Structures are given as C-alpha cells and as structure tokens.
Amino acid sequence: MSWPDLATLDASQAFWTIVVGAISNTCCAVLGCYLVLRRLSLLGDAISHAILPGIVVAFLLTGQTASWPMLLGAATVGVLTTVVTHALHASGNVPEDASMGVVFTSLFALGVVLIALAPSNVDLDLDCVLMGRLEEVTFPEPWLGFEVPLKFPSLLAVLGATAAFVALFWKELKIASFDPALATAMGISAAVVHYLLMGMVAVVTVAAFDAVGSVLVIAMLIVPAATAHLLTDRLGWMVGWAVVVAIISAVLGYLGDVYFDTGVAGMMAVGAGSQLLLAVFLAPRHGLLSKLWHRFMLALRIVSEDLLAVLYRFEEATSETRTAGVPWNLCRRVAGGGLAAWLAAPLLWWRGELRVAAGRLWLTQQGRRNAQSLVRSHRLWEVFLGEYFQLPLDHLHESAERIEHFIGPKLQERLASDLHQPGRDPHGKEIPVVKDADNDTSRGRE
Amino acid sequence: MILDVHNVTVAYHRKPVLWDIDLTLQRPSLVGIVGPNGAGKSTLIKAILGLVPLASGRVTLFGQSCQKQRRLIGYVPQRESVDWDFPVSVLDVVLMGTYGGLGWFRRPRRAQRDWALECLRRVGLADLAGRQIGQLSGGQQQRTFLARAIAQRAEIYFMDEPMAGVDAATERVVFELLGELREQGKTVLVVHHDLRTVAEYFEQVVMLNMRLVAAGPTCTTFTHDNLAKTYGGRLGILDDAAEALAARERSV
Amino acid sequence: MIDYNTAVVLAGTSMLGAGAGLIGTFAVLRGRALLGDALGHAALPGVCLGFLLLGRRSLAAMLVGAWLSGVLGILVVAGLRRATRIKEDAAIGIVLSVFFGAGLALSRYIQTQATQGSKAGLDSYIFGKAAGMLQGDLLWISAAALAALLAVVALFKEFRLVTFDGGFARVQGWPAASLDLLLMGLVSLIVVIGLPAVGAVLVAALLILPAAAARFWTERLGMMLVVAGSFGLVMGAAGTAISAHVSRAPTGPIIVLVGTCLFGASALFAPRRGAVARWIDHVRFRRRLRGQAMWRAVYELIEPRFPAIRPIAIDELAHRTSYTPAQLRRVLRQAEMNDLLIRRPDGRYLPTAAGLAQAARVTRGYRLWERFLTEQPELTSTFARLDVESADSALSHEIVAELEAALRAEGRLP
C-alpha cells in the first residue's frame, strides 16, 4: 500500500469517476430522505435487489443497461415489488418484514442465476452486480462536443428527473410522508404518491447500477439521508445535507480506491458510514457529544446557582458568615458534589460573584444579588404550591429546589404579583427583595 | 342534506365493527359521537371518509360521494401515529391544511402562509410557528393539529378524539373553537371520550356500539336508557353521566 | 448411486435448511427476519479479516470472524436505535450496507494482494458454493443444526412465551432478555454456518422462506416448526441436487429459488389461509350478505300488508338495500332457479310459499341479533359475527326464547 504521487493520477479519470459517482449518489440520497422518514428504508433495499432480473434480461436483449426502455421497465418492476410486498402482507398476513424478505431474496436469486446461466461472452458478472464498475465506466465518448463517459448523458437525465420529481411534488411528498390519512382525506392520494416514489426509486437504482451495483445502492439510499436527519430539523435542509454527504462519499470512494486499491463502490459505502458516525457524535443538536455537552453545561449552571444559594442561606443563618466566609469543602458538599461542583467555584470567581481566600468563600455584592433572586424564586414557588395546591410543608422544598433554576425574572414578577407580594414563605423564612444594580430600585416591595 | 350514511357495514375478518349504520344530518351542528372502546367510533369516521372499505352500504356528503367532495372535508385524525421526529415546523404542519385547496404541484404562497399564521394565532400558538413539532407539549401539539383543521377551510369537520390526553385549558380552547366553527355554519363531528361533558358541548349526539343505538338532539337522545343500551352495565361512567344530566336539568 | 461428495453436500445443506427453518420460525414471528439479513451482510468483513489474519482459507477463522463481525453489526443497530433518532429499519439498512461495503472493499483488496485462489474462496462466501463443502465442514454444520434442534425442543414453551408476549414473560419471572439473546445467538449461528453454503446476500432467505411458507399451513406453533423444518430440509436438498446439474450457477440462489416455489405454492394453495381458498371464501361471503339483505328487504316490503303478498320490483329492493339493481340481479336469478321467487312478465318478482318462509327466517335471525345487541351491548364484540345468519346458533335457548318474546310483544317477530 503505497501513497501514489498525486501528480501522476489521471485527472480526467479522477474527475469523471467522481462526477459519475456523485450524480448517482445524489439521486439516491434525495429519494432516500423520504424512504428514511417514512420508515421504508428496507423497501428501498428490496427494490434495489428486485430489479436485478430485469436488468439482466434487458442487458441480454440490448447489450446495455440504463437505456430508456430499461428505465421504464425498472419503474414498473419497482411498483410491482411494492404492490406484491404489500399484497403479501395485507392479504396473505405475512409479517411485513418477512414479506419484503421473501420478495427481494427471490428476485435477487433469480437475477444471479440468470447472470450465471448467460453465455460467457456477455459482459456482466457477479462482481459487477455487487459493486458496479465505476472504475471502468469512465470511457470517454463524444457528446455535445465534449468527451464524456458512456453513461453520463443518461445519468444526467435521471438526475434531472429526480430533481424535477422532488421539486414538483414537494408538498405532496411532504404531507403524504407525514400524515397519509390526512393526505388521502384531502384528495392527495397517499397511495399514488407512494407508488410514484417507489417507481422513481427503481429508476434511480437502475441508473446507479453501473456505478455502484445493486447492493451498495442501499447504502446511498439510506446513509446520507440518515446522516442529514441528525443534522437538521427542516426537511429542505435535510435534502440538502443528504446531497452534500452523497458527494463527499463519492470523493472518499475514489480516494479510497486510489490509495487502497479496493474498488470505488465499497469505499463509498464506508465513506458514507464514516460521515454518519461523525454525525452521530458531533451533530449540533442531536449528536451524542453535543447532548452530553448540553447536559454538562446545564449541570454546571445548576450547581453554580446552588452554590450561591447555599452561601446566601449560610449568611442568613449566622451573621458572622459575611466576614468569616464558609469553608469550601462544606459548600461543595451541601451544593452536591461531582465534577460540576469542582468547576463551579472557579467559574463563579471568574464571573466576579465569589471571593476566595484561604479555602473559604465569600459572596460578592453581585453574587449576593444573584443568590437573592434564586432564593426569591424558590420561596415564591413554595408559597404558590402551598396556596394553590394545599401541599403539606414537607412537599414544598424539593419541588422548589428543582424549579428555582428555571424561573426567569418575568415569571418571578408574575408569581409575586399573583400572590400579592408575600413577605414570608410557608416555612417562615423571609422572601428576599432583590435590588437592581443600576438605579437601586428594589423588586418585590413597592 | 349534509351527510347521509345508509346501511353501512364495516367488518374486519368477518367480525363486524360497524353493523347496518343509518345516519343522516340535515343541518349544520356540533355532533358528539360516543360509545365504549371498540364500538367503532373511529371506524365510522374512516368509513365516511372512504379510508376503510365498506362491506356494504353507501355514504354521501352534500349529495355526492366522498371522493368528489374532498375540498369540503376537514379531518383531524388521532394523534398516536404521528412521527414526532419528522423535520417539520409548526407552521409547516398548519400549511399542510392548505394543500387541498392548492391542488397538485402548486406551492403554498404568501397568502397561504398568512392564513396559516392567522390560524395559529387563533389557537394561541403564533409565537411557536418556527419550532419543530417534537418540541411541543401534548396540548400544544393538539392545538397545532386543530389549527391545521381550521386552515383547511372546510364545510364539514371530522375530529377523532381531539381531547384525548390534553389539559383542561387546551380542552377549553378546543371547544371555543368548535363553537366558532358552528357559528360560521359549519358541521363538526367529534369522537368524544368523556361522557360527563357531552351534554355541555354537543347539540346532537350519536350513540354507537357497533350498531347505532340512538342519534338525535342531545337533550332528548342522551338519556339514561340510551346510555344503558350503549354501554351496558358499566355503572361508574353511567352514574357520572346521569349526575351531569340531572345537574343540567336542575339548572335549567 | 450418488457419490460420496455429493452425499456429504446433500446431508449438509439439508441439515442446514432444517435448522434454519426451525430457528427462522421464531425469528419471523418475532419480527426479526431482516435482522438476520443484516447479520448475513455484516458478517462479510469478518470473513475477510479472518482470511487476512491467518493468511489462508481456514473455515474456523473465517467463521469466527464472521460471527464477531455480525454480532458487532447487531450491536451497532441496537446502539443507533437507542442513542439517536434513527429508527430501526434505517439502522438495519445502514449496518447492512456499510458493513457489506467494507467487506467488499476488503475482499477486493485481498484479491489484488493475494493469489488467484483467494478470489474464488471469498466469492463463495458472498453467493455460496455448497459444492465446496468438505467433510470437516459437514461436522460443523451438523453440530449447529443439532444445537438448534435441541434448543428448540428443550425450550419450546419458553421461546413461545417470549416470542408472543415478552412483557408478560418478564412479569412472570422468566429471563426474557436472556432468552431473547439466546434466540439471537442461534440466529447468528445459523447465519454464520450458512454463509459458505448460501452466501451472505441470500442467507436471510434460509431463515425467512421456510417459516413464512409454513405459516400458511397451520395455526399452531408446534406444527409450524415441523413444517418449517421440513420445508427447509427440502429447500436445501433439492436446491443442492439441482445445482449439481447446473454447475455454472452458485448454489445459494438455486436453493433460494426452490424455497420461493415452496412459498408460492403455500401462499396460493394452502387450504384455509392460501390465496385461492380465501378468495373463494370472500366471494361466497359477499354473496351471502347480499342474499340476506335482499330477503330482508323482501320481507319488509311485504310485512305492512301481510298476509296479502304483492309483487316486488328490483328498484324497490335496490332502494331498500344499498345494492344496485345490477348487483341484485344475480341473487334474484339464483332464487328464481330455486323456486323461491317467480318472475312476472312485468319484471317484478313474487315470492312463493318457500320464498316467503326464507324471507321470514332471514328476517327473524336478523331481528334476534338486533334485539340481542340492544339488550346486551357489552357482549357485542364477543358474539357478533356477520357470517352467522341467526342468533340461534350462537346463543342459548333461553336467551333466544326471551328475545322472541320481546319481539313478539312488539309485533316484530316474523
């Protein structure tokens, strides 16, 4: 495994391999978004296996795949596969996944047998079925004055058809995928949209067959769409991201073949899978790491606020605390330990809400103000619970402990005014009045 | 004649879910459909809308078959089957209500968007328009689907347990809305699960237990006798319902 | 006489098929059919790695690699499903395609690095080559098939419980999770053992086809297991025999095609659940419903002026029932042929005495049902059936007598 000199790569072949790969991947990825959202991923899998016999027959008859009659035939087979699978499930009571399994393994087996039985001068073999032959498809042919690979015009046409399909039926696809019952009740027959989608999937599969073979088409249908689903909450963006992932997979596939000599299609699947893995961990809202990060930041915020509140309560209890401060260990234990607690104190010090000296902590003016606001929220909530729900005294504190962090100034105001500015909480403790920093007007008592 | 259901039977593997249902609605009204679990209430709505096959019988809406009257129908299906991870925002969902009027291929434009926002305003969700639907509470989700129904600008609405699992405040909002629709001359059929509020909310009631037990104005139809025929010996519910009836009678 | 090699291969594939049929039954019932497919595809990288690490074609190494890689795939599916918003079907598709892609890449890499023989060796794991089965392999296969059989026989009731209602099983104290794991372990065992014979792409068919076909023949799990096992055995044996004659085709697809024929025949011709049987039943059912509606309409048209009988026009019947005149014509003609109705020159129909009795009987049965359902609404879902004409057959004599009395009091008893 040596690292070939980039300069010696045939630029034209690199370009066309990547372009052809990118186009087929994009077509698959776009349609795949709807398959993934509608939980039809495996039906897409089934269709891509099921068209194999059709492709072989067409190849035996015409000597090439991806011709117009073949594409039309593929669409029909795609719809038929869906219909038969559905019929087996609905009328034959075969479980849904088993009916898919029956249909696609049978058709795929038929296709393989046909290939094996074909006369040996026919240029279609099993390897080709699995992985396509992107490495060979880049045989330049003249077209419109350019030198393009044989399959390029038809792939371009399929890309155009896919884009047109999705653009034209954008809202129909959206509503039929999200709420089929409503769609049908409205007159947008969900069944028609479904069969149209499956027909397109079959067409795209045939077109992509030369590039990636029928087994890896599944990767391109599902993986970019699943990755995109993790990255965004809007359907339009999801389709866009899926296209990006598809194109990157094509590039990675080519590079993988160049460096490791493994064939382009396999590395495209691996490339797509790697992007998915990255998204699973790093996606901004739905990735595992970002979820962990958000959870940690939340924990940090809660513990910091608890620390301030603890110091304030110490100050309430004994007046010497203002001068003597509170030992750091005691604070930490009362506020709840853990990693977040260790980080809370430095964070508060950095924000200027704490003073630290000789292992003891003091509240600064600003820290005291924030602590007062928190304790105010806590005790107002206790009054609220006590008055409106008549909860006994020992039920109040825990609920208030949890909610105090999420009561903002607006809600605090509303609570205070609804409860008519109470002075004390049900335990008898004084509800603090928070002075505003700038103009020294106080909230809570007018 | 708004709705005519004639001799409708729906069966699942030879077991009837609805048996020989005859139902007519002459005037716009608020109709509550009640019955025990498995009585076929959802199935009745689906049968009227053509979403399940009929073993026998026929349905006409405003004199024509359902397929021809799609534009006039608003449907709020049950909430359980929704995929909350679907990448659509609240506004997107409400906009779906306008698709029927747009027909194939056309996009929702400014006018539809404004109308959708107006519907959201009426249910009190205008400031959540951009949120993805999975981030809403149960009551807010239900109100979103209601806004979608209003956006459909239909003449007759079918709602399947719109109040299931929502808080009392949302339930109030829902019924105020239904009252508004009624004042505009629309007809609303609602599958309702809470017997105690039937008399308060609906002017007509359909009592169903696989067969049509009774149908008509609530004050004359929603009687103890008919309740017994619909629910059988489930005393707990009946007692509550009977009390509600009695309380209403006393207050009148 | 068959030669020794062929006998070995036949024995091997038959046992494999039988074991797959048994375990596949539980997998299909549990909704895990396509998980088996994912296992098969995910095993490929493991096979290649096994080859790479050992440098030669060692069945043991490759199968262990296959098993490890397949299990990793299943864990990834579970992980994706649990930790992200990716749904199960997408997760299966992802693992299936990405792992398989990695496997194909590895196999290509091996081919370009190593000698000619390795290509054929690895190919046989993708599409199967039962003919390459050696006696040593046969030992592994029999062991696996035997293990499957023993497990199913010993743990039949536990597997059945867990497959049908896992929650209930757990509540009753059964270790549902471990049993589930055991089941998945057996599935992966069958998949891995089946790889050399049928190949990674089609091994799922071994699990699915016999079980799905068996479902059409019986409603009982025990019988289903027997049928599935037999079908699997036939699949394996017949497929291998046929493929021995057609040496160019790999064995896997031919075995699968035999299975498809079995499935197709079952789906169409099985006695009660087959398509043909159900279609006939359906047609008869609709005809009976129509007949009943017609006779009831006849009775109701005559009832007001009974005992005077008047002729009835088709349009009146169409108006009363929900059928069109065209739909009613066939039933009317049938009644004419049975001398229940007489067709008059003006096109209207007159019921004979027998016809009147028929109408009365149908209407009585219907009104008994109606009355019963009104009196006992909470029993509707238990008793009501559309294909039972009269409540007589479903209810006890006392109840029927009560209902009749009530109807008579109303004047509605025919």
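Each chain carries its own residue numbering, running from 1 in the direction its sequence is written. Working convention: letters from A go to chains and numbers from 1 go to ligands, in the order in which they are written. This being a predicted model, a pLDDT of at least 70 is required before a residue's local features are given, and a value of 80 or more before pairs of side-chain atoms are given or counted; all residues contribute to the totals for chains, interfaces and linings. Side-chain figures throughout are based on the complete set of non-hydrogen atoms in the structure, without hydrogens or water.

Moving on to the overall build of chain A. Elements are defined by DSSP. Helices are runs of H or I of four residues or more, strands are runs of E of two residues or more, and each kind is numbered from the N terminus. Regarding its fold elements, chain A presents 20 helices and seven strands. Throughout, exposure labels follow a simple rule: accessible area from a 1.4 Å probe, protein chains only, divided by the maximum for the residue type, with under 20% read as buried, over 50% as exposed, and the rest as partly exposed. A buried classification covers 54% of the 446 residues belonging to chain A. Here, residues are in contact when the closest pair of their heavy atoms is within 4.5 Å. A separation threshold of at least 6 residues defines the contact pool for chain A, and within that pool the share at least 24 residues apart is 70%. Just so you have it, chain A exposes about 19,300 Å², and 64% of that area is on carbon and sulfur atoms. All accessible-area figures derive from a Shrake-Rupley calculation using a 1.4 Å probe, and residue coverage is judged against the displayed protein chains alone.

A few words on the overall build of chain B. In terms of helices and strands, chain B carries 10 helices and nine strands. Scaling as 2.2 N^0.38, a compact globule of 252 residues should have a C-alpha radius of gyration of about 18 Å, and chain B matches this with 18 Å. If one aligns the C-alpha atoms of chain B with their principal axes, the spans along those axes are about 55 × 40 × 35 Å. Burial analysis of chain B (252 residues in total) assigns 58% to the buried set. Just to be clear, the radius of gyration here is over C-alpha atoms, and the globule rule we use is 2.2 Å times residues to the power 0.38.

Contacts between the two partners involve 33 residues from chain B, matched on the other side by 30 residues from chain A. By buried area we mean the combined loss of accessible area, with a 1.4 Å probe, across both parts when two parts are placed together. With both sides pooled, the region where chain B packs onto chain A buries about 2,700 Å², and carbon together with sulfur makes up 64% of that total. When the shortest N-O distance is used, the salt bridge between Asp92 of chain B and Lys174 of chain A registers 3.3 Å. Going through the elements one at a time, helix H2 (90-96), helix H3 (99-102) and helix H5 (138-151) of chain B are the ones with two or more residues in the side of chain B that touches chain A. Here the nonpolar group is Ala, Val, Leu, Ile, Met, Phe, Trp, Tyr, Cys and Pro; Asp, Glu, Lys and Arg are the charged ones; every other residue, Gly included, is treated as polar. For the side of chain B that touches chain A, a count of residues per class yields 17 nonpolar, eight polar and eight charged. Note on definitions: salt bridges are taken to be side-chain nitrogens of Lys or Arg within 4 Å of carboxyl oxygens of Asp or Glu.

Right, let's get into the pattern of salt bridges. Summed over the entire model, instances satisfying the criterion amount to 35 salt bridges over all chains. Here Arg148 of chain B makes a salt bridge to Asp179 of chain A, at a shortest N to O gap of 2.7 Å. Of this pair, Arg148 of chain B sits in helix H5 while Asp179 of chain A sits in the loop between helix H9 (170-178) and helix H10 (180-186), each in a different chain. Look at Arg148 of chain B and you get buried, because its relative accessible area is 1%. Residue Asp179 of chain A is classed as buried on the basis of its relative accessible area, which comes to 8%. With its nearest N and O atoms 3.5 Å apart, the salt bridge here joins Glu88 of chain C to Arg81 of chain C.

At the interface, 59 residues of chain A touch 51 residues of chain C. Interface area for chain A against chain C, summed over the two sides, is near 4,500 Å², with a carbon-plus-sulfur share of 73%. Put simply, chain A and chain C have one salt bridge between them. Here Arg85 of chain C ties to Asp233 of chain A by a salt bridge, and the two come within 2.8 Å at their closest N and O atoms. For the purposes of these results, a polar contact is taken to be a pair of N or O atoms within 3.5 Å, where, inside protein, one atom must be able to donate a hydrogen and its partner to accept one; residues adjacent in sequence count only when each atom of the pair is a side-chain atom. Joining chain A to chain C, the criterion identifies 10 residue pairs in polar contact (both at pLDDT 80 or more). If you list the elements that add at least two residues to the side of chain A that touches chain C, you get helix H2 (41-50), helix H5 (96-117), helix H6 (126-131), helix H11 (190-231), helix H13 (264-282) and helix H14 (288-317) of chain A. Broken down by element, the residue count for the side of chain A that touches chain C peaks at 15 residues, all from H5 of chain A.

All names here are of chain A. Of note in this structure, Ala358 is not a glycine but carries a positive phi near 50°. Structurally, Ala358 is set in the loop between strand E4 (354-357) and strand E5 (360-363). Even without a glycine there, the phi angle at His420 is positive, about 60°. With respect to the helices and strands, the residue His420 is situated in the loop between helix H20 (409-418) and strand E6 (434-435). According to the relative accessible area criterion, His420 is exposed, its value standing at 67%.

This part takes up the nonpolar core. What we call a nonpolar core is a set of buried Ala, Val, Leu, Ile, Met, Phe, Trp, Tyr and Cys residues that are connected through their side-chain atoms within 4.5 Å. Phe158 of chain B together with Phe263 of chain C are the most contacted members of the largest nonpolar core, which totals 274 residues. If sequence neighbours within four positions are ignored, Phe158 of chain B has contacts with Ile45, Ile48, Leu49, Leu61, Ile73, Gly74, Tyr75, Val76 and Leu189 of chain B. Within the second largest apolar cluster, 39 residues are counted, among which are Tyr299, Ala318, Tyr323 and Leu340 of chain C.

Our next topic: the sheet that holds strand E3 (residues 326-327) of chain A. The pairing of strands in a sheet happens through backbone hydrogen bonds and is either parallel or antiparallel. Residue and element names in this part refer to chain A. Here three strands make up an open sheet; going across it, the order is E3-E5-E4 and the pairing antiparallel. For this open sheet the edge positions go to E3 and E4, each flanked by a neighbour on one side alone. Simply put, an axis is a line fit to the C-alpha atoms, just over the touching stretch for a helix, and the angle between two N-to-C directions goes from 0 to 180 degrees. Sitting on the sheet, H14 touches E3, E4 and E5, and the angle it makes with E5 is about 85°. Here the rule is simple: two strands pair whenever DSSP picks up at least two bridges between them.

What follows concerns the domain arrangement of chain A. Split by domain assignment, chain A resolves into domain 1 (6-283) and domain 2 (291-439). Each of domain 1 of chain A and domain 2 of chain A has a C-alpha centre, and the two are 58 Å apart. What fixes the domain bounds is an automatic or database domain assignment.

Residues and elements named next belong to chain B. A sheet is described by the order of its strands in space; here six strands give the open sequence E5-E6-E7-E3-E8-E9, paired in mixed fashion. On the outer flanks of this sheet lie strand E5 (73-76) and strand E9 (211-217), each paired with one strand and no other. Neighbour-to-neighbour, the strand axes of the sheet open up by a mean angle of 15°, direction not taken into account. Judged from the four bridges that link them, E5 and strand E6 (residues 156-160) form a sheet pairing that is parallel. In the strand pairing of E6, Gly74 is matched with Tyr157. Lying over the sheet, helix H6 (residues 168-183) contacts strand E3 (30-34), E6 and strand E7 (187-191), oriented at roughly 150° with respect to E7.

Pairing of aromatic rings covers Phe, Tyr and Trp, the last through its six-membered ring, and needs centres within 6.5 Å; plane angles under 30 degrees mean stacked, over 60 mean edge-to-face, and all others mean tilted. As enumerated under the stated definition, the model contains 13 aromatic pairs over all chains in all. Judged by centre distance (5.1 Å) and plane angle (70°), the rings of Phe15 of chain A and Trp16 of chain A are edge-to-face. Judged by relative accessible area, Phe15 of chain A falls into the partly exposed class, the value being 47%. Geometrically, the ring pair formed by Phe178 of chain A and Phe86 of chain B is tilted, given 5.3 Å between the ring centres and 55° between the ring planes.

By this rule the span expected of a helix is its residue count minus one, scaled by 1.5 Å. In a regular helix each residue adds 1.5 Å, so 22 residues correspond to 32 Å; H5 of chain A covers 32 Å between its end C-alpha atoms and thus fits that length. The buried fraction of H5 of chain A amounts to 17 of the 22 residues, a majority that puts the element mostly inside the structure.

Time to look at the pairing of strand E1 (residues 3-12) of chain B. Along any regular strand, the residues point their side chains to alternate faces of the sheet. Residue and element names in this part refer to chain B. Here E1 lies mainly inside the structure; eight of its 10 residues are buried. Taken together, the seven bridges between E1 and strand E2 (residues 15-25) define a ladder with antiparallel strand orientation. The partner of Tyr12 across the bridge, within E2, is Lys15. Adjacent in sequence and paired antiparallel, E1 and E2 are bridged by two residues, among which His13 carries a positive phi angle near 55°. Across five bridges, E1 lies against strand E4 (residues 56-61) in antiparallel orientation. Residue pairing for E4: His6 is matched across the bridge by Arg58.

Next up on the list: the packing of H14 of chain A against helix H17 (residues 339-351) of chain A. Residue and element names in this part refer to chain A. The N-to-C vectors of H14 and H17 enclose an angle of 65°; their axes lie 8 Å apart at closest approach. Considering only the axes of H14 and H17, their crossing is right-handed. Where H14 approaches H17, its residues Phe296, Ala299, Leu300, Val303, Ser304, Leu307 and Leu308 are matched on the opposing element by Leu339, Ala340, Ala341, Leu343, Ala344, Ala345, Leu347 and Leu348. For the contact of H14 with H17, a count of residues per class yields 14 nonpolar, one polar and no charged. Take the far helix as the reference: if the near one is turned anticlockwise from it by less than a right angle, the crossing is left-handed, and if turned clockwise, right-handed.

Another point: the confidence of the model for chain B. Each residue gets a pLDDT score, which is the predictor's confidence in that residue and runs from 0 to 100. Confidence along chain B averages 84 in pLDDT terms, with 91% of residues attaining 70 or more. Listed scores for the predicted complex are pTM 0.82 and ipTM 0.84.

Turning our eyes to something else, we now look at the environment of Pro325 of chain C. Residue and element names in this part refer to chain C. Mapping Pro325 onto the fold places it in helix H15 (residues 325-337). Placed 46 residues apart in sequence, Pro325 and Arg371 show a C-alpha to C-alpha distance of 30 Å. Contact partners of Pro325, with chain neighbours within four places excluded, come to Ile314, Asp315 and Ala318.

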